[in-house]
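What the coordinates show
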Amino acid sequence: MGNGLTQRHTAKSLLVFAMPTIVMTVFMSLYTMVDGIFVANFVSADALAGLNLVIPALSMLVSLSVMISAGGSVVISRKLGECRDREAKEDLSFIVFLTVLFGGAVTVLGIIFADPILRLLGTTDGLYQVAHDYYSVLVLFTVPCLLQVQFQYLFITAGAPSLGLWCVVAGGVSNVVLDYIFIVPCGMDIQGAALATGIGYSIPAVVGLVWFSLNRNGMLHFTLPRFRLSTLRESVVNGIGSMIINLAGAVVTWLYNRVIVLYLYETGIAAATIVLYARYMFNSVLSGYSSGVAPVISFNYGRKDFEQVKFLFRTSLKAVLAGSALVCLISVFLRDPIVALFASGEPELAELARRGIFLFAFSYLFNGVNTFAATLFSSLNNGRISAFMAFMNTFVFLVGAMFLLPNLGLDADGVWLAVPAAELLSLGLSLYFLRKNQKTYGY
């Protein structure tokens, strides 16, 4: 384990430590976005909409991997801080082994039940074939998809965030190159996009398996896994908040596909695809910082260095406030070039997407604090608060706003504004829990 976890951080060193994770998370958000760009420009707008219909299933899988990975990394970091190195290695091996087994089962079930899954996702008759073409290839890469998410967290926990960054960059670059090769010269259309994404997932997954197998001189490496019910329970409890935060992406996409079509028809699904791509990319900047500093907070909390925990909390809160304002401004100023990547030749689609990105921008003012607060409580071994906050944001505030605002006369604008409204309500909840638990955790 490098000095990143053990050193006494300054504001600058903390940002430097978190930066690889921020960049890595942004690159992860670009995987599917790149697919969308090539599909929109070289296949069709219907294919773009069909791709978006499959995204919730992928996001749900990623969310489950995030739960066991984020929660497991908290457990491992705390045990390292408590000098329980052997248990930390056994827990690392156990959660990776469990992920591989789960991914294999999902692959088999996903192939068998492909049709009902696609119908549940809201696939219309007109978009069924393109959605099926994308889904049928991507489901084969379930295990690499889960592992590449998991190793994002475990590389950080092992004190090697830069390795995770380079893996994701390599996967992202290969995705771009292969998207072009498979879609344009090879004429594989949307199946080529899915294949390129799957290969991009496989690069970090393979590197992670090899590195943790050979890293015998490091603090963390694979050993004989040992099943501990307490580890699994803690991982689930501490990671469920992070899971729900990521699951929000699946829920948002699924709801938008269901609701926006009522006001803007199938063109609305394509517009929602562009808007949600932009949302994932901008949110990833804020969530990447929180994920990057979480193991540092867990480690210092584990060794009871409350002075450092307090510094990390206050520095991070300032960082996410500044980052939120910056991301909001950037999203407003970059909405035209973002839309042009997908809809340069379709003015109606472009106008709908520009409107959606502009209204979504207000959500970034609140999202940074909400994400950091939920991640903070997970890193402090209180996943219950994190899970409650994330649940309220997605399944109460967002769902309520999604169905209430359009019926107040806002129509499609009400659908776009549902996310900012949910984030604003969640901000009040975040501030409440941060203030209530300040003395308990010493931040």
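Data block above holds the structure.
Remember, predicted model here, so these are calculated numbers, not experimental data.

**Regarding a nonpolar patch on the surface**
Taken together, the side chains of Phe-42, Val-173, Val-176, Val-177, Tyr-180, Ile-181 and Val-184 make up a nonpolar region of the molecular surface, amounting to roughly 560 Å² of accessible area. In terms of residue count, the dominant contributor to the nonpolar patch is helix H8 (residues 161-183) (five residues). With respect to the secondary-structure elements, Ile-181 resides in helix H8. Taking relative accessible area as the criterion, Ile-181 reaches 33% and is therefore assigned partly exposed.

**Some points on the nonpolar core**
Within the largest apolar cluster, 119 residues are counted, with the highest numbers of intra-cluster contacts made by Tyr-256, Ile-274, Trp-416 and Tyr-443. With 25 residues, helix H10 (residues 229-302) is the largest single contributor of residues to this core. When sequence neighbours within four positions are dropped, the list of residues in contact with Tyr-443 reads Val-309, Lys-310, Phe-313, Arg-314, Leu-376, Phe-377, Leu-380, Phe-433, Leu-434, Asn-437 and Gln-438. Judged by nonpolar contacts, the second largest core, of 19 residues, contains Ile-76, Leu-154, Phe-155 and Cys-167.

**Looking at the packing of aromatic side chains**
Each aromatic ring pair is specified by the distance between its two centres and by the angle formed by the two planes. A full pass over the atoms with the stated rule returns 20 aromatic pairs. Seen from their ring centres, Trp-211 and Phe-212 are 4.9 Å apart, and the 85 degrees between their planes marks the pair as edge-to-face. You can call Trp-211 partly exposed: its relative accessible area is 24%. Assessed through its relative accessible area of 0%, Phe-212 is described here as buried. Ring centres of Phe-388 and Phe-433 lie 6.0 Å apart, and the angle between their planes is 80 degrees; this geometry places the pair in the edge-to-face category. Pair noted here: Phe-388 is in helix H15 (residues 383-404) and Phe-433 is in helix H16 (residues 411-436), with a separation of 45 residues, a long-range link. On the basis of relative accessible area, Phe-388 is assigned to the partly exposed category, the value being 37%. What makes Phe-433 buried here is its relative accessible area of 10%. What links up through ring pairs into an aromatic cluster is the set Phe-151, Phe-155, Trp-211, Phe-212 and Phe-222.

What counts and what doesn't
- Residues numbered from 1 in each chain as written.
- Predicted model: local features only at pLDDT ≥ 70, side-chain atom pairs only at ≥ 80, totals over all residues.
- Heavy atoms only, no water.
- Patch = residues over 30% accessible without salt bridge, like charges linked within 9 Å, V, L, I, M, F, W, Y side chains within 5 Å.
- Areas by Shrake-Rupley, 256 points an atom, 1.4 Å probe, with all protein chains shown as cover.
- Salt bridge = Lys/Arg side-chain N within 4 Å of Asp/Glu carboxyl O.
- Helix = DSSP H or I, 4+ residues; strand = E, 2+ residues; numbered from the N terminus.
- Buried < 20%, exposed > 50% of the residue type's maximum accessible area, 1.4 Å probe, protein only.
- Core = buried A, V, L, I, M, F, W, Y, C linked by side-chain atoms within 4.5 Å.
- Contact = heavy atoms within 4.5 Å.
- Phe/Tyr/Trp six-rings, centres within 6.5 Å; stacked < 30°, edge-to-face > 60°.

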